[in-house]
Every structure is written in structure tokens, then in C-alpha cells.
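# Residue-level structure breakdown
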Amino acid sequence: MFSEEKTEEYTATKNACKLCTPLGASLVFKGIQGAVPLLHGSQGCSTYIRRYLISHFKEPIDIACSNFAEDTAIFGGGANLRIALENILLQYAPEMVGIATTCLSETIGDDVPMFIREFKEMHRGEEMPPLVHISTPSYQGTHMQGFHGAVRATVEALATDQGADDRKANDQKANEKTRVNLFPGMLSPEDLRHLREILTDFGLGFTLLPDYSETLDGPLWTEYQRIPAGGTTVDAIGRTGSAAGSLEFGRVLAAEKNTAGKFLEKEFGVKCHSLGLPIGIGETDRFFKTLEFITGMPTPPRYAEARGRLTDALVDGHKYVSRVKAAVFGEEDLVVGIVSFLSEIGVIPVLCASGGRSGHMVGKIAEIIPDYENKGIRILEDADFVDIEAAAEEVKPDLFIGNSKGYTSARRLNAPLIRIGFPVHDRINGGRLLHVGYAGAQRLFDRIANTVIGKRQDDSSWGYTYM
Ligand code: SF4
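Being a predicted model, the structure only gives us computed values, none of them experimental.

## A short note on the overall build of the protein
Within the protein, the secondary structure is distributed over 19 helices and 13 strands. The globule rule puts the C-alpha radius of gyration for 467 residues at 23 Å, and the 23 Å found for the protein is close to it. With the C-alpha coordinates of the protein rotated into their principal frame, the extents come out at 75 × 65 × 45 Å. In the protein, which comprises 467 residues, the share counted as buried stands at 57%. Considering only contacts within the protein whose residues lie at least 6 apart along the sequence, 74% involve residues at least 24 apart. In the structure as shown, the protein presents an accessible area of about 20,300 Å², 50% of it carried by carbon and sulfur atoms. Separation of charge centres in the protein, based on 49 positive and 61 negative side chains, amounts to 4 Å.

## Remarks on the domain arrangement of the protein
A common way to express how large an interface is: the accessible area buried when the components associate. Domain annotation for the protein reports domain 1 (21-157), domain 2 (177-213 + 227-300) and domain 3 (303-459). Using C-alpha coordinates to define each centre, domain 2 is positioned 25 Å away from domain 3. With 30 residues of domain 2 in contact, the opposing surface of domain 3 contributes 36 residues. Of the roughly 2,600 Å² buried between domain 2 and domain 3, counting both surfaces, carbon and sulfur atoms make up 63%. For the pair domain 2 and domain 3, the interface holds 3 salt bridges. A salt bridge links Glu367 to Arg251, with the nearest nitrogen and oxygen atoms 2.9 Å apart. Where domain 2 touches domain 3, the interface holds 16 residue pairs in polar contact (both at pLDDT 80 or more). Elements supplying a minimum of two residues to the side of domain 2 that touches domain 3: α9 (189-201), α11 (251-254) and α13 (281-295).

## Re the sheet that holds strand β13 (residues 417-419)
Sheets are built from strands paired through backbone hydrogen bonds, the pairs being either parallel or antiparallel. The strand order across the open sheet formed by 5 strands is β11-β10-β9-β12-β13, and the pairing between neighbours is parallel. Pairing within the sheet leaves two strands with one partner each, and these edge strands are β11 (378-380) and β13. The mean angle between the axes of side-by-side strands here comes to 20 degrees, regardless of whether they run parallel or antiparallel. Of the pairings in the sheet, the one linking strand β9 (residues 325-329) to strand β10 (residues 348-353) comprises 4 bridges and is parallel in character. Residue Phe329 lies in a different strand from β10, and its bridge partner there is Ala353. Contacting β10 and β11, helix α16 (residues 361-368) runs over the sheet at an angle of about 150 degrees to β11.

## Focus: helix α1 (residues 21-30)
Burial analysis of α1 places 10 of its 10 residues in the buried class, the great majority of the element. When we look at burial in α1, the residues that qualify are Thr21, Pro22, Leu23, Gly24, Ala25, Ser26, Leu27, Val28, Phe29 and Lys30. As for α1, its buried residues are in contact with β1 (35-40), α2 (43-57), β3 (96-101), β4 (131-134) and α7 (143-158).

## Let's talk about the nonpolar core
Formed by 123 residues in total, the largest nonpolar core has its most connected members in Leu342 and Ile448. Residues in contact with Ile448, not counting those within four places in the same chain, are Val321, Phe341, Leu342, Ile345, Val347, Leu399, Ile401 and Ile418. Counting residues in each nonpolar core, the second largest holds 14 residues, with Ala64, Leu85, Ile88 and Leu131 among its members.

## Here we look at the pairing of β9
In terms of burial, β9 is a largely internal element, 4 of the 5 residues being buried. The parallel pair β9 and β10 is bridged by helix α15 (residues 332-345), and the resulting crossover is right-handed. Inspection of the sheet shows β9 paired to strand β12 (residues 399-402) by 3 bridges, in the parallel sense. In the sheet register, Ala327 faces β12, and the bridge partner there is Phe400.

## A closer look at the environment of Ser42
Of note, Ser42 is situated in the loop between β1 and α2. The residues touching Ser42, leaving out its near neighbours within four places in the chain, are Cys65, Phe68, Thr102 and Leu104.

## Here we look at a nonpolar patch on the surface
Among the surface-exposed residues, Trp462, Tyr464 and Met467 lie close enough to one another that they form a single nonpolar patch of about 350 Å² accessible area. Turning to its location among the elements, Tyr464 is positioned in the segment after α19 (437-459).

## Overview of the pattern of salt bridges
On inspection of all chains with the given rule, the structure shows 20 salt bridges. Note that Arg443 is salt-bridged to Glu190, the shortest N-O span being 3.5 Å. Linking Arg443 in helix α19 with Glu190 in helix α9, this pair joins segments that are 253 residues apart in sequence. Taking relative accessible area as the criterion, Arg443 reaches 39% and is therefore assigned partly exposed. What makes Glu190 buried here is its relative accessible area of 19%.

## Quick notes on the packing of aromatic side chains
In the structure shown here, the tally under the stated rule is 12 aromatic pairs. Pairing Trp221 with Tyr224 gives two aromatic rings, centres 5.9 Å apart and planes at 70 degrees, and the pair type is edge-to-face. Residues Phe329 and Phe385 carry aromatic rings whose centres are separated by 5.3 Å and whose planes lie at 85 degrees to one another, so their mutual orientation is edge-to-face. Note that Phe329 is positioned in strand β9 and Phe385 in helix α17 (residues 385-395), a separation of 56 residues in sequence. A relative accessible area of 1% means that Phe329 is categorised as buried. You can call Phe385 buried: its relative accessible area is 3%. By the ring-pair criterion, three or more aromatic residues cluster together here, those being Phe202, Phe249, Phe287, Phe288, Tyr303 and Tyr438. Geometry around Tyr92 places Arg226 over its ring, the cationic atom sitting 5.7 Å from the centre.

## Some points on the packing of helix α14 (residues 301-321) against α19
How two helices sit against one another is set out by the angle between their axes and by the gap between those axes. It is at 9 Å that the axes of α14 and α19 come closest, and there the two elements cross at 20 degrees. Looking at the two axes, α14 sits roughly parallel to α19. Along this stretch, α14 crosses α19, giving a crossing that reads as left-handed. Between α14, through Tyr303, Ala306, Arg307, Arg309, Leu310, Ala313, Leu314, Gly317, His318, Tyr320 and Val321, and α19, the contact on the second element is made entirely by Tyr438, Ala441, Gln442, Phe445, Ile448, Ala449, Val452, Ile453 and Arg456. Per-class residue counts for the contact of α14 with α19 are 14 nonpolar, 3 polar and 3 charged.

Conventions adopted
Throughout, a residue's number is its position along its own chain's written sequence, starting from 1. Local features in this predicted model are restricted to residues whose pLDDT is 70 or higher, and side-chain atom pairs enter the listing and the counts only when it is 80 or higher, whereas totals over whole chains, interfaces and linings include all residues. Hydrogens and water are ignored here; the side-chain numbers use all heavy atoms of the structure. Secondary structure elements follow DSSP: runs of H or I of four or more residues count as helices, runs of E of two or more count as strands, with numbering from the N terminus. Computation of the radius of gyration draws on C-alpha atoms alone. For the globule rule, the value is 2.2 Å times the number of residues to the power 0.38. Any residue under 20% of the maximum accessible area for its type is buried, any over 50% is exposed, and the rest in between are partly exposed; the area is computed with a 1.4 Å probe on protein chains only. Contacts are assigned to residue pairs with any non-hydrogen atoms lying within 4.5 Å of each other. The method behind every accessible area is Shrake-Rupley, applied with a 1.4 Å probe, and residues are considered shielded solely by the protein chains displayed. Charge counting follows a simple rule: Lys and Arg are positive, Asp and Glu are negative, and His as well as the terminal groups are ignored. A charged residue contributes its charge at one atom only: NZ of Lys, CZ of Arg, CG of Asp or CD of Glu. Marked domain ranges trace back to an automatic or database domain assignment. A simple way to read buried area is as the amount of 1.4 Å-probe accessible surface that goes missing from two parts once joined, with both sides added. Think of a salt bridge as a Lys or Arg side-chain nitrogen and an Asp or Glu carboxyl oxygen that are within 4 Å of each other. Under the rule applied, a polar contact is a pair of N or O atoms within 3.5 Å (in protein, one hydrogen donor and one hydrogen acceptor; residues adjacent in sequence only if both atoms are side-chain atoms). Pairing between strands is defined by DSSP: at least two bridges between them are needed. To obtain an axis, a line is fitted to C-alpha atoms, over the contacting stretch when the element is a helix, and the angle between two such axes runs from 0 to 180 degrees between their N-to-C directions. To define a nonpolar core, start from buried Ala, Val, Leu, Ile, Met, Phe, Trp, Tyr and Cys residues and group those joined through side-chain atoms within 4.5 Å. With the strands aimed away from the viewer, a crossover counts as right-handed if its path from the first strand over the helix to the second runs clockwise. To count toward a patch, a residue needs a relative accessible area over 30% and no salt bridge; like charges are then connected within 9 Å, while nonpolar side chains (Val, Leu, Ile, Met, Phe, Trp, Tyr) are connected within 5 Å. Stacked, edge-to-face and tilted labels apply to pairs of Phe, Tyr and Trp rings (six-membered ring for Trp) whose centres lie within 6.5 Å, assigned for plane angles under 30 degrees, over 60, and everything in between, in that order. Two limits define a charge over a ring: the Lys NZ or Arg CZ must be within 6 Å of the ring centre, and within 35 degrees of the ring normal. Angular relationships are summarised with four words: roughly parallel below 35 degrees, roughly antiparallel beyond 145, roughly perpendicular across 65 to 115, and oblique for the angles in between. Each helix crossing is assigned a hand: it is left-handed if the near helix lies turned anticlockwise from the far helix by less than a right angle, otherwise right-handed if that turn is clockwise. Only Asp, Glu, Lys and Arg are considered charged, only Ala, Val, Leu, Ile, Met, Phe, Trp, Tyr, Cys and Pro nonpolar, and every remaining residue, Gly among them, polar.

Put into C-alpha cells, the structure is as follows:
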């Protein structure tokens, strides 16, 4: 594994390849129907997160804030949280409030669970939506820890024993529609729509958590809506304990002990199927096989046809992409998913990098490419873009594949950037990028092959008309 020794002078992250932890939590709360995310901390954090999400999704994003000031940092934020909650309940009438802490409130040691208990006590007898709290100190994690932590915290707070009773009853009803939970990880709205389609075509009922496919990629409004329509209902999350099984995406996530799917398995006996992100043929095959196993029905013909078209396209385009070198960066599970796909199509992922530091990414890439060291593949964990660019200068990739934050490095090294994942600030299709399923692999393959062809045309002094 390539690793840059951090010298004594190297004291800070420069141009981080990760985002702040409460950002990931806020994204999950935006995918729950009627939920309002509340950041317990300073306005600057909520403004940064809103700006980031808006520039990717191109939608208005409300994130409330308990508005710390100098005195709050000294005396604690209990009073601010109370006022923020009262304002939100009054102005938004939410179905849930998701509370995530910022670095400041974590550093001063605010006891948020106690503040919430006091708030509920103060309003005893009044109707109150669930107040779900997740601790998200950014200096301990990335946006992915915030994302997965918020999914788990929401399930832990809302799934009930009633669910287990329902499941036993459901088992006895022959005609009961099989219902599963899907925890997809941080995918695009287009990915979520595609996953919904697949589950529907298998005749499954499902709880997809989170589901921001409408809330963050909805139709044009004629009037401003305080909370956009759509999202997973609080009721459905309550019933996750009665599902026939849970599917949880992410090979890196699968190595974690404490996930939403594992919680449901332990508490309610809901079998957890841990799978890689279904990017590329192999991982998508595993997803469909699991659906076949759960439903007892074969894959619907339209997906078998899409798979067939995809394999035909891979044969047609192999000569363009074979042995092309790519630098892949982003969230750990996305990197692992893309590496899996690239190794299927003959592209060599010479550099695989993430700002995540779960410690699992190297092992997960080794599961896909056991001889990665012999192939000269460099893997960087806990990396920033200074590390990534330095490594890229050595391995000289033909392509960069990752989010918009890699643009400056790609430009300096004169290699095209294929934008995937989050954030995509400098294009208008962040929410419409499809990564998953056979259809996602088809789009990724076409983009990669056409980018390679386009670069060869641009670099040639005479130009090619046929390639
Ligand atoms: S201070 Fe912490 S919580 Fe606030 S924006 Fe920065 S990383 Fe995120």
C-alpha cells in the first residue's frame, strides 16, 4: 500500500477528501417524510452544509440551527436547543426532528440527550414528534459516519417491538406482500428511484431509508414549501422491525459492528443481508440473487435484458478501455464499488483514495483485486487532495473518477475527470447520476469509454473520425 509519511510540518488536512459529519446526518434526515434536520451548534456549520447540499442537488434545503454565540460556547447550548425546538415545532409542525451536533457543541461537551429529556419533560402532555439525536463530532469521522450513524439512530429510535409481533402474524398470512428494508447508503436520487423500481418489479413492499429521491430532486414548485413532499415515513421506519429481511449496501459498512441492519437483526430477528454497493455486473448480480432468494421469484426479464445489452456493450467497447489507468477517489464504499466495476471492464484503478479512515478499505479492495500490490495499485486511506495529487503524479492516471473536488488535480495533470458521487458542484446533473444496477453500469461504461475516445481525439494532431 502506498502511504505518505506525515511529517512534523504536515499538521493539517489540506483540501479534504471528506466532508463534515453532520452533513451526512442532515442528508439522511432530508430523506424522511416531514422531518426537519436541526444542527446543534453555530450558524456557520449549517450554512456550510446548506451551501454544499444546494450546490449538488440544486434544490432549496432548510436546515435549522440552534445558533450558538460566544456565551453559548461558555455556558452550554441547552437553552438554545430548547428555543430552536420550540421554533421548529411551531413553524414547521414536523413529523420528526433529527438533531445532529457540530464540532463546537461536541467540544464543549453539551449533554444533548439530557437536553432532549428536559425538553420533553417541560412539554409533558403535549403532542410531540420523535426527536432523534445523533452525535456527530466531525473531528472523529467523515460525512459517511454521520450518514450511517443517522440511519442507525433513526431505526434505533423508531423501530418497535410491535414490529416483531407483526412479522410473526405476517408469516402466517400466505398472501401478505413480502416487505424488506433497504439501507442503500449515500447514493443519488436517481439511484434511489432505480432501486425503488427494482424492488417494485420484484413485487416487494419495502422501506427505503433514507429516501430523498423526491425531497432533493422534486418537480418545480409554484409556491415555496417549508418541507418538500416525499421521503420515508416515520410509520414505515417504525415497521422495519417486522420486515422479512434487511439489505444493507457497502462492503466497508459490512465490516462495521453497529449498523441499522445489524441492530434490527439483533433486536427483532430481521435477517441482515450485507452486500456491496451494486455498481457493475458482479455486485449487481449479487443484489439480484439476494432478491431472488427473498422473493423466490426469478429476476424480471427487463433486467436480464439490460444485463445482456450491457455485456454486449462491454465487448464492443473493450478495445478502448482495456488497460486504461484510473485514479478513483471519494467515499470508501463508492471507491470499492467503482474499483469492482473497473476491474470487470479492464480499467486498472492505479490509485484508490478516500478521506475515510475506517481501516477497512484496503482489505475490501484486496477482496476484489487480491494481487493489487503486484499490479502497482496504490491505496490511500485518510487522504486529502494533496496526498492524492502527489500519488497521481507518480502513477500518471489517464482518468480521474470521483466528485467535483478532484477537478483541480485532474486539470493540473491534464487528465479528464468523470464525475460521480457527491458533491458535483460544477455540473447540473448531480441528482440524476445513476451508478447502480445494470442500467447504472451501462451509463458509467459509456461515459468512461467515450471520455477515453474523446481525449484521444483531442490529443491527436490530426484527429480521428473513426475510433
Ligand atoms: S466546524 Fe465541524 S460541524 Fe461545523 S462545518 Fe466544520 S466540520 Fe462541520
